[in-house]
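Examining the three-dimensional arrangement
Below are the chains, spelled out letter by letter.
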Amino acid sequence: MKPMTKSPLQIARSAYQPKLPNSLKGNVVLNEGAATQSVADQADIKKLFPNTYGMPLITFQAGEKKVYPAVAVGVILSGGQAPGGHNVISGIFDGLKALNPYNKLYGFLGGPSGLVDHKYVELTEEIIAEYRNTGGFDIIGSGRTKLEEEWQYEKGAEICKKLGINAIVVIGGDDSNTNACVLAEYYSQKKTGIQVIGCPKTIDGDLKNEMIETSFGFDTACKVYSELIGNIQRDANSAKKYWHFIRLMGRSASHITLECALQSQPNICIVSEEVEAKNMTLNDVVEDIVKVIVNRGNHGLNFGTILIPEGLIEFIPAMKKLIAELNDLLAHNDDFNTLVTDEEKHQYISGKLTPASAEVFNSLPKGIAKQLTLDRDPHGNVQVSLIETEKLLIEMVAKRLSHLKAEELYKGKFAAINHFFGYEGRCAIPSNFDADYTYSLGYTAAVLISEGKTGYMSSVRNLTAPAAEWIAGGVPITMMMNMEKRHGAMKPVIQKALVLLDGAPFKFFASVREDWASENTRYIYPGPVQYYGPTEVCDQPTRTLQLEKA
Ligand code: FBP
């Protein structure tokens, strides 16, 4: 047998033809709606974006054939990988070629820095063919360089001029699209003739609003994690001896954790936004978990699953305050680095914190407290994603249970296993939903560019309907902006969408969670993402979208 260069699924998927909305299947005409406003701080945003503020919403519909002049486009992948990125690029490519066969597409390499450092490749049919319907961002690579300074914009304009590029497509999350908006405004102001279009990407699902129903990648990533959670639940239900503490990616918002809970029905799912709203302490979170474990243990069920959002720590108000104090303290304190032992360091920090934060700091397991004083990003902030919250919770829960056992209030046995699911899902082969959605987003971007638009985000809506009925068009990025404090100064940014506690997905979860937590184990087993088969198995959008649109 010869070694394979591609798996059978890879080969089969390369032949998949993503579904497009009807409006994009033939000739497209634009409908322009009324002028728009930003979600908040209208006067400030209008002043900062005089050229791109207030533009109308755009929707497409089938229409007469039109001749477009040839254009060249540069595409950038920005930030964390998300399933479907390659299909956005295939969609742009096919859209451009359908509108004018002389159109060209370049890819900037390694993320936004490719634009600034003039690293690029021309994307041909041959290259694109290798990446259709695949996961990953490896076609051109991604990066987290921020495009926020004038010299970067100028370097970008320089390469665009050299290559004859008329438009840049930024495929990214809220921050990258904020930067795309600033770039669009800058290029308009300077009359460079370079258009900028954004595409909503992030597995975290926190780039969404009235016009952007979901970011791409969320669907596939959640399906992959939910499969794994389901498998663990089946194991737990078979062996009946472990509690599984599962932390899920999602830097800030808990959308991924909530969606995975809706798909798999674990015993416990923590939602950071609720923890913050209820002003809960870490001990409150532990106490809630302990109650469920005690009840199940006292019924002879010494197993279960607990989903924990990656961003939890930062949403616990007292921890947030402690982290802020630690950031300040360690940024301006060289004495700390001269200390040798962990104990000396712990005592030193504890003595410098406010009494409330010192109490929280001293209540943490020593290993976690140390972690909070060690890992810092280039801005001097604690890298909360590196904090193993699931291990912290296991340690605290075990301690509390041993006290209850001593008091004869807990009859069960507690053995726990920790997991972290993040990278396992970010580059998965896109689900049919993500493959279709991303291809449509890319195709839409090509139409917006050919129509001369700038400062728009590619938008495809009505996503719970069959793809043929999706509504494609563009949303002015300024419409999604408000003013927020960033690094001490007020900045225009796209509002991050956290889990809404009065939204349908959370409300549904809240109405059933007691039952899931009880001795009535209610696990469901989603199984792997299916690409071929009945539409109710292969083409379903997330439960979050279904509940939001019900
Ligand atoms: P984006 O917001 O750029 O899409 O990235 C999201 C994410 O996957 C988070 O869920 C996670 O916290 C973070 O990226 C991890 O970053 P890195 O890939 O740099 O480790």
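Everything below is about the structure printed above this text.
First, a word on scope: everything that follows refers to the structure included in this document. These figures come from a predicted structure and were not determined experimentally. Chains are numbered independently. Their residues run from 1 in the order of the written sequence. Given that this is a predicted model, residues contribute local features only at a pLDDT of at least 70 and side-chain atom pairs are listed and counted only at 80 or more, while totals for whole chains, interfaces and linings are drawn from all residues. Derived side-chain values reflect all non-hydrogen atoms in the structure, with water molecules and hydrogen atoms excluded from consideration.

Points about the overall build of the chain
Keep this limit in mind: Secondary structure elements are taken from DSSP: a helix is a run of H or I of four residues or more, a strand is a run of E of two residues or more, and numbering for both begins at the N terminus. C-alpha atoms define the radius of gyration, and 2.2 Å times the number of residues to the power 0.38 defines the globule rule. Relative accessibility decides the category of a residue: with a 1.4 Å probe and only protein chains considered, values under 20% of the type maximum give buried, values over 50% give exposed, and everything between is partly exposed. By the convention used here, residues are in contact when the closest approach between their heavy atoms is within 4.5 Å. A residue counts as positive if it is Lys or Arg and as negative if it is Asp or Glu; His and the chain ends are not included. A charged residue contributes its charge at one atom only: NZ of Lys, CZ of Arg, CG of Asp or CD of Glu.
Within the chain, the secondary structure is distributed over 23 helices and 15 strands. Over its C-alpha atoms the chain spans a radius of gyration of 25 Å, differing by no more than 12% from the 24 Å that the globule rule assigns to 550 residues. Summarising its shape, the C-alpha atoms of the chain cover approximately 80 × 60 × 55 Å along the three principal directions. Taking all 550 residues of the chain together, the buried fraction comes to 56%. Sequence separation of 24 or more characterises 77% of the internal contacts of the chain that already satisfy a separation of 6 or more. Distance between charge centroids for the chain: 2 Å, based on 56 positive and 63 negative side chains.

Examining the side chain of Thr373
Here is the rule: Polar contacts here mean pairs of N or O atoms no more than 3.5 Å apart (in protein, one a potential hydrogen donor and the other a potential acceptor; neighbouring residues in sequence count only if both atoms are side-chain atoms).
Examined against the element boundaries, Thr373 turns out to sit in helix α17 (residues 366-374). Taking relative accessible area as the criterion, Thr373 reaches 11% and is therefore assigned buried. At 2.7 Å, the side chain of Thr373 and the backbone oxygen of Lys370 are in polar contact. Apart from residues lying up to four places away in sequence, Thr373 is in contact with Leu326, Leu330, Phe336, Ile349 and Phe361.

Some remarks on the site of the ligand
Operational definition: A cutoff of 4 Å decides nearness: a residue is near a molecule or strand if any of its heavy atoms lies inside that distance of it. When residue character is reported, Ala, Val, Leu, Ile, Met, Phe, Trp, Tyr, Cys and Pro are called nonpolar, Asp, Glu, Lys and Arg charged, and the others, Gly included, polar.
With respect to spatial proximity, 13 residues lie near the ligand, and among them Gly80, Asp204, Glu310, Tyr423 and Arg426 are the closest. In the model, an oxygen atom of the ligand is placed 2.7 Å from a nitrogen or oxygen of the Glu310 side chain. Between Arg426 and the ligand, the recorded distance is 2.9 Å, taken from a side-chain N or O atom to an oxygen atom. Per-class residue counts for the shell around the ligand are three nonpolar, four polar and six charged.

Observations concerning the pattern of salt bridges
The test is simple: The salt bridge criterion pairs a side-chain nitrogen of Lys or Arg with a carboxyl oxygen of Asp or Glu, the two atoms within 4 Å.
If you walk through the whole model with that rule in mind, you get 26 salt bridges. Of the charged contacts, one joins Arg132 and Glu125 as a salt bridge, the two residues approaching to 3.1 Å between their closest N and O atoms. For Asp174, the salt bridge identified is with Lys496, shortest N-O distance 3.0 Å. With a gap of 322 residues between them, Asp174 in helix α7 (residues 174-189) and Lys496 in the loop between β15 (489-494) and α21 (504-517) connect regions that are remote in the sequence. Lys496 sits in the partly exposed class, given a relative accessible area of 34%. Put simply, Lys19, Asp436 and Asp539 are held in one network by salt bridges that share partners.

A few points about the sheet that holds strand β5 (residues 120-122)
Across a sheet, strands are paired by hydrogen bonds formed along the backbone, either parallel or antiparallel in direction. Under the convention used in this document: Strands are labelled as partners when DSSP assigns at least two bridges between them. All axes here are fitted lines through C-alpha atoms, helices being fitted over the stretch that makes contact, and every angle between N-to-C directions spans 0 to 180 degrees.
In space, the nine strands of this open sheet follow the order β1-β2-β13-β12-β7-β6-β3-β4-β5, with mixed pairing throughout. Either end of the sheet is taken by a strand with one partner, and the two such strands are β1 (28-35) and β5. Recorded for the sheet is a direction-independent mean angle of 25° between the axes of neighbouring strands. Both strand β7 (residues 195-200) and strand β12 (residues 456-461) contribute to a ladder of two bridges, which runs parallel. Within the sheet, the bridge partner assigned to Gly198 lies in β12 and is Met457. Sitting on the sheet, helix α6 (residues 150-163) touches β3 (72-77), β4 (104-108), β5 and β6 (167-172), and the angle it makes with β5 is about 25°.

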